[in-house]
Amino acid sequence: MNKETQTVTDAKELADALESGAKDITIEGVIKGSPSITLPEGVTLHGAKGDSSDGFEFLAKGLRLTKDNSLENLTVKTLDYEQAIYNSLEITDAGTLRLRNVTTVGQVYLVAEGAVKHIRVEADGVKVLSADLRGRAEQPHGYGVDVLQGGFTLWNRQPDPAATFSATLRGISVGTEETPVRGSGVFLAGYADREGKLTGGAFTADLVETGTIVTDGGIAPGTPDKITGGVFVVSGAKVERVENSGPVTTHGQNDMVLDLWGETPHWVANAPITSTGPSGIGFVNFGDMGALEVNAPIVTNGLGARGFNVYDGTLQSAKFESITTHGDGAIGIQISRPVGAVAVTGDVTTTGGEGLSLVKGVQTVLKASAVSIKPGAVVDALGIHGKISTEGEGLASFEILEGATVHELHLGEVEAHGADSVPTRLEGTVQQQ
């Protein structure tokens, strides 16, 4: 007899329940010793206790979703370098895949690829405790670098522009200080060419809201052409609103904290943005950015680890609480493109001097100015309302270089404490001060 609702306690009972056609299955306890499990269309798995203490322990890949599946109140553990939750590539329309109160050891990897042309993901309260993505061959390329996948990866890999991948994501946490993810944290991408242009299926989301993110990508020191991101909206992805409710921290070489190659009208960070590794930049913009709000400190500690930079793309406005960098070559704010209004309510301070920093796949010598407006930049309004301060030698705390224009400029106190340093260098054009 077909029982639509069943409770199971081991691998055999689960296999029997799936074989019988059960659609609502309760997992009681922890199921071990099972090979990877494929959920038929419409099946829901949930834990008995409602607190994610029930679940699975795999020695290889974990749960494979097909169409209209739901996972609730479960923990799925596998090896760090395996996929804990992934989807079948043999179904044209995956429907809506739902994850609620789900914890994993191993990657969450959901993609439009193979036969899959349509997929939607709704996730709330997903925690990827640890994962290692360094062995993944598939890495999008752009701006001279490849990007490592994330512990939580959603990716439209279809070259067909009609392929759709949409999502609503709330409370996505990746890594811990004890077990930082080896790779990116949250990774969202569409199908784009090597110049970052969307050429196939897009990824879209109305909301991406994150909790605590901690990564250490494990990239070898000095590597010029590979990066990660704590939260990375990659080329081909458009997110209506990104919200970092928890702190985002990266610890490794070339580990960007927040990075945009795609498009978002609004990105707000309400918790600290921190990096400790070389070239671990606080916020990097190469895409189309509407309004950026960072309502917490950006602090970087590594060689060449800048606070905020715009090398490509567009930016309508940016507002920061404060920016502090501690490494040689670690500029506080660096802009080399036309942008809208940029404002800092607090201080912009740097303690480093001259050093290497990764710029578009090239290790480049930079001086740790607090604010550097480069040739080609046109800034509608620039306001630093706190203190601008540097400690490094032979640099300018605030500089507008020849070939740059600032239409409206408001500065607080500007200090330069290093030998042969100057508070300001104004070679470009300031129209109103």
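Here goes a summary of the coordinates provided. (Residues numbered from 1 in each chain as written. Predicted model: local features only at pLDDT ≥ 70, side-chain atom pairs only at ≥ 80, totals over all residues. Heavy atoms only, no water.)

### Some thoughts on the overall build of the protein
The condition that has to hold: A run of DSSP states H or I qualifies as a helix once it reaches four residues; a run of E qualifies as a strand once it reaches two. Both are numbered from the N-terminal end. In this scheme, a residue with accessible area under 20% of its type's maximum is buried, one over 50% is exposed, and one in between is partly exposed, where area comes from a 1.4 Å probe on protein chains only. Two residues qualify as a contact provided that any one of their heavy atoms is within 4.5 Å of a heavy atom in the partner residue. The accessible surface values rely on the Shrake-Rupley method and a 1.4 Å probe; as for residues, cover is taken only from the protein chains in view. Positive charges come from Lys and Arg, negative ones from Asp and Glu, while His and the chain ends are left out of the count. A single reference atom marks each charge: NZ on Lys, CZ on Arg, CG on Asp, CD on Glu.
In terms of helices and strands, the protein carries 1 helix and 43 strands. The principal-axis extent of the C-alpha atoms belonging to the protein is close to 85 × 40 × 35 Å. For the protein, the residues scored as buried account for 57% of the 433 residues in total. Taking all contacts inside the protein whose residues are at least 6 apart in sequence as the whole, residues at least 24 apart take part in 73%. For the protein, the exposed surface amounts to about 15,400 Å²; the carbon and sulfur share of it is 48%. Mean positive and mean negative side-chain charge positions of the protein (32 and 54 charges, respectively) differ by 4 Å.

### Some words on the environment of Thr223
Threshold: Two N or O atoms count as a polar contact when they lie within 3.5 Å, although within protein this holds only if one can serve as hydrogen donor and the other as acceptor, and sequence-adjacent residues are included solely when both atoms are side-chain atoms.
Tracing the sequence through the fold places Thr223 in the loop between strand E18 (202-215) and strand E19 (226-233). Under the relative-accessibility criterion, Thr223 is labelled buried at 17%. For Thr223 and Lys367, which are 144 residues apart along the polypeptide, the C-alpha to C-alpha distance reads 20 Å. The contacts of Thr223, once residues within four sequence positions are left out, are Gln253, Asn254 and Gln363. From its side chain, Thr223 meets the backbone oxygen of Ala220 in a polar contact 2.7 Å long.

### So, the pattern of salt bridges
The condition that has to hold: A pair is scored as a salt bridge if a Lys or Arg side-chain nitrogen falls within 4 Å of a carboxyl oxygen belonging to Asp or Glu.
Counted by the stated rule, this structure contains 15 salt bridges. When the shortest N-O distance is used, the salt bridge between Lys32 and Glu57 registers 3.9 Å. Taken together, the positions of Lys32 in strand E3 (residues 30-32) and Glu57 in strand E6 (residues 55-57) put the pair 25 residues apart, joining distant regions of the chain. Arg157 is the salt-bridge partner of Glu113, the closest N and O atoms lying 3.2 Å from each other. Here Glu113, found in the loop between strand E11 (107-112) and strand E12 (118-130), pairs with Arg157, found in the loop between strand E15 (150-156) and strand E16 (164-174); they are 44 residues apart in sequence, far enough to count as distant. For Arg157, a relative accessible area of 21% puts it in the partly exposed group. Several salt bridges share partner residues, and in doing so they unite Arg98, Arg120 and Glu122 into one network.

### A few points about the nonpolar core
Rules: As used here, the term nonpolar core means buried Ala, Val, Leu, Ile, Met, Phe, Trp, Tyr and Cys residues forming a set that is joined through side-chain atoms within 4.5 Å.
Judged by nonpolar contacts, the single largest core of 92 residues is most densely connected at Leu45, Phe56 and Phe152. In this structure, Phe152 is in contact with Val108, Ala123, Val126, Val128, Leu169, Ile172, Val174, Gly185, Val186 and Phe187, ignoring residues within four places of it in sequence. Counting 20 residues, the second largest nonpolar core, distinct from the first, contains Trp155, Ile227, Trp261 and Ile331.

### Quick look at the packing of aromatic side chains
This is how it is decided: In this scheme Phe, Tyr and Trp rings, the latter by its six-membered ring, pair at centre separations within 6.5 Å, and the angle between planes marks the pair as stacked below 30 degrees, edge-to-face above 60, and tilted otherwise. The rule for a charge over a ring is simple: NZ of Lys or CZ of Arg within 6 Å of the ring centre, and within 35 degrees of the ring normal.
Within the structure shown, the criterion is met by 10 aromatic pairs. An aromatic cluster is defined as three or more aromatic residues linked by ring pairs; in this entry it consists of Tyr143, Phe232, Trp261, Phe286 and Tyr311. Between Lys61 and the ring centre of Tyr86, over which it is positioned, the NZ or CZ distance is 5.0 Å. A cation over a ring is seen here: Arg157 above Trp155, with NZ or CZ 4.5 Å from the ring centre.

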